[in-house]
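Chain by chain, the residues:
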Amino acid sequence: MKSLPLARPLALAVPLLLLGGAYASQYIGGLHPCQMCWWQRYPHFAAIPLALIAYGATGRPCVSALFAGLAGLAIGISGGIGLFHAGVEYGWWQGLTACSTSPAGGNPADILNQIMATPITRCDVAPWTLMGISLAGFNGLLSGASALAILVLLIKARKEA
């Protein structure tokens, strides 16, 4: 199987790089994530251990391909959420949330301080774009293309077996 060794690193590198970019934009660039931004991260969090299991099962190609495929599916789900979020940002449709934050708890003064200190981040406004494409749009495009590439590589690997 020549294609499976290509699918595994793609299934691991994509979520690592996209999460790295998300955290860099948050902590270095000061772009605080909205609720829908977080939704895009969760499937990438799931893809990383799935891809690592695919690496751990290199001696069993079918198991390795299964976990690489599951990682690719998770990446594709993140891409779908990203495209949906981009549509909300571009005003093509409405989002599913009020884009709010819940206070952690405590006495009323602590809750008020938490609310006042929380940055306002709207889901329907792109805080940054490049050539008209928002971060959610980039995630949608990159994750979708990567998931498709992983799928194609796994289909090719199956034919090679």
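Bear in mind the structure is a predicted one, so any value in this text is a computation, not a measurement. (Residues numbered from 1 in each chain as written. Predicted model: local features only at pLDDT ≥ 70, side-chain atom pairs only at ≥ 80, totals over all residues. Heavy atoms only, no water.)

Asker: What am I meant to see in the state of the cysteines here?
Answerer: Here a disulfide denotes a covalent bond joining the sulfur atom of one cysteine to the sulfur atom of another. Inspection of the entire model under this criterion finds 0 disulfides. Counting only cysteine sulfurs, C34 is the nearest neighbor of C37, a cysteine outside any disulfide, at a range of 3.5 Å. Here C37 falls in the partly exposed class, since its relative accessible area comes to 24%. (Disulfide = S-S within 2.5 Å. Buried < 20%, exposed > 50% of the residue type's maximum accessible area, 1.4 Å probe, protein only.)

Asker: Looking at this model, I keep getting lost on helix 1 (residues 4-27). Mind explaining?
Answerer: Given 3.6 residues to a turn, an α-helix orients residues that are three or four positions apart in the same direction. Helix length check: helix 1 (24 residues) gives 35 Å between terminal C-alpha atoms against 34 Å at 1.5 Å per residue, within 8%. Those residues of helix 1 hidden inside the fold are in contact with helix 2 (35-56), helix 3 (61-89) and helix 5 (135-160). (Helix = DSSP H or I, 4+ residues; strand = E, 2+ residues; numbered from the N terminus. Expected span 1.5 Å × (residues − 1). Contact = heavy atoms within 4.5 Å.)

Asker: What is the right way to look at the side chain of S64 in this model?
Answerer: By the secondary structure assignment, S64 is in helix 3. Judged by relative accessible area, S64 falls into the buried class, the value being 0%. Beyond its immediate stretch of four places on either side in the chain, S64 contacts L4, R8, A54, A57 and T58.

Asker: So what exactly am I meant to see when it comes to the environment of K2 here?
Answerer: Examined against the element boundaries, K2 turns out to sit in the segment before helix 1. Taking the C-alpha atoms as reference, K2 lies 6.6 Å from A157; in sequence the two are 155 residues apart.

Asker: Sorry, what's going on with the nonpolar core here?
Answerer: Within soluble globular proteins, side chains that are nonpolar tend to cluster in buried spots. Core analysis: the largest hydrophobic core is formed by 20 residues, its most contacted members being A71, I75, I150 and L154. Broken down by secondary-structure element, the contributors of at least two residues to this core are helix 1, helix 2, helix 3 and helix 5. Sort the elements by how many residues they give to this core and helix 1 lands first, with 6 residues. I150 has contacts with A7, L10, A11, A68, G72 and I75, leaving out every residue within four places of it along the chain. (Core = buried A, V, L, I, M, F, W, Y, C linked by side-chain atoms within 4.5 Å.)

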